[in-house]
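Residue-level structure breakdown
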Amino acid sequence: MFDRRNYLLDNVALGMRGKSLLSIHDLSREEVWKIFEVSSKLKEETKTGITHHLLCGKTLAMIFMKPSTRTRVSFEVGMWQLGGYPLFLSSQELQLKRGETPSDTAQVLSRYVNGIMIRTFDQQDVEDLANYGTIPVINGLTDLLHPCQVLADYFTVYEKRGKTKGLKMVYVGDGNNMAHSLMYGGAKVGMHVTIACPPELQPLPEIVEAAREDGKAEGVQIEVTHDPYAAVKGADVIYTDVWASMGQEAETERKTRILKPYQLNEDLVKAAENKDVMVMHCLPAHRGDEITDGVMDGPHSVVFDEAENRLHVQKAILALLMQDKSE
Ligand code: CP
Ligand code: NVA
């Protein structure tokens, strides 16, 4: 009943079966490249109309404690394209909202479904689901990290440039979940990462340190700086994100004031002094705040290719983690 594909049957792929994906920090370099290889294959097969029901009969619980467009739709469609069944579970409909613990939820869901994808606030809740459940758990964004987004981002860079090693990623804005995952991801794919942020909104020092440690083997430099114009010089990618993340709505005014000098506009793109510089954004964008219309819709922008790649990369993740052990 299951499609068998050789790209899921080497030692790296087989080693990923049954694992969770909570942070890129936990992945080996080989696992990251395996995700990219499978993403490419699935993307090509999808574009040429070849079906790949790798997860026929499998179910994925998708828990959303925060809103989503891309994550929800790409996981839901991706699971369906893999021949499986996605269950959308919003915070309104779950007992989690009324105080049932993530550990109890994990133990119950493990009896019904084959995998869990969760978007929530606290990274610890995702860790608890993975620790107490017996099925793979995928982090669909927490306040701390957004690994699926960043795997799609570096896959996009790889597709566009044919390599990642030695390239320079500059993230401008809030030192948030995106900044954290971009550092972890850069360390694995050999890309230097500079976070240009206000002193008040720096990424967590323990994550900066862990990413530096991860990147040592590849000679990756991870830097935190405060001057966006100096930072982007020679950048291969300039990346930005919303100024106030989900759950931080009360801070919008303060953050907007502090982050104004970090806007990704035409002048900042010019300051890269690289005619091929790519502009990325995880979306949703607040046009006119962190990014201008001209840059978002301009010749350097790859934001919609990035968004599309969420689908292909997450299908690869689902297939690698949830493929049947008995096959
Ligand atoms: N980038 C991203 O995760 O988008 P959504 O919030 O729409 O899922
Ligand atoms: N930093 C943003 C990312 C959205 C995809 C947030 O957490 O809201």
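Just so it is clear, the model here is predicted, and its values are computed rather than measured.

1. Here's the deal with the site of ligand 2
Inspection of the region around ligand 2 gives Leu141, His146, Asn176, Asn177, Asp241, Val242, Ser245, Met246 and Leu283 as its neighbouring residues. At 2.8 Å from an oxygen atom of ligand 2 is found a main-chain nitrogen or oxygen belonging to Met246. Computed on the free molecule, ligand 2 has an accessible area of 270 Å², of which 96% lies beneath the protein chains in the complex.

2. Section: the site of ligand 1
In the vicinity of ligand 1, the contacting residues are Ser68, Thr69, Arg70, Thr71, Arg119, His146, Gln149, Cys282, Leu283 and Arg310. Contact distances for ligand 1 include 2.8 Å between a nitrogen atom and a backbone N or O atom of Leu283. Separating an oxygen atom of ligand 1 from a side-chain N or O atom of Arg310 is a distance of 3.1 Å. Within the complex, 96% of the 250 Å² of free accessible area of ligand 1 lies under protein. When the residues that make up the shell around ligand 1 are grouped by side-chain class, the tally is 2 nonpolar, 5 polar and 3 charged.

3. What to know about the pattern of salt bridges
The tally for this structure, following the rule as stated, stands at 21 salt bridges. Across the salt bridge formed by Lys41 and Glu37, the nearest N and O atoms sit 3.7 Å from each other. Separated by 4 residues within a single helix, Lys41 and Glu37 lie in helix α2 (residues 29-47), roughly one turn from each other. For Lys41, a relative accessible area of 33% translates into the label partly exposed. For Glu37, a relative accessible area of 31% translates into the label partly exposed.

4. Considering the environment of Ala211
With respect to the secondary-structure elements, Ala211 resides in helix α8 (residues 205-215). On a C-alpha basis, the gap between Ala211 and Val193 in space is 9.7 Å, while along the polypeptide they are 18 residues apart. The residues touching Ala211, leaving out its near neighbours within four places in the chain, are Met183, Tyr184, Ala187 and Ile222.

Conventions adopted
Residues numbered from 1 in each chain as written. Chains lettered and ligands numbered in written order. Predicted model: local features only at pLDDT ≥ 70, side-chain atom pairs only at ≥ 80, totals over all residues. Heavy atoms only, no water. Near = heavy atom within 4 Å. Polar contact = N/O pair within 3.5 Å; in protein donor to acceptor, adjacent residues only side chain to side chain. Areas by Shrake-Rupley, 256 points an atom, 1.4 Å probe, with all protein chains shown as cover. Nonpolar A, V, L, I, M, F, W, Y, C, P; charged D, E, K, R; others polar. Salt bridge = Lys/Arg side-chain N within 4 Å of Asp/Glu carboxyl O. Helix = DSSP H or I, 4+ residues; strand = E, 2+ residues; numbered from the N terminus. Buried < 20%, exposed > 50% of the residue type's maximum accessible area, 1.4 Å probe, protein only. Contact = heavy atoms within 4.5 Å.

So, to be careful, I would describe these as geometric facts and stop short of saying anything about function.
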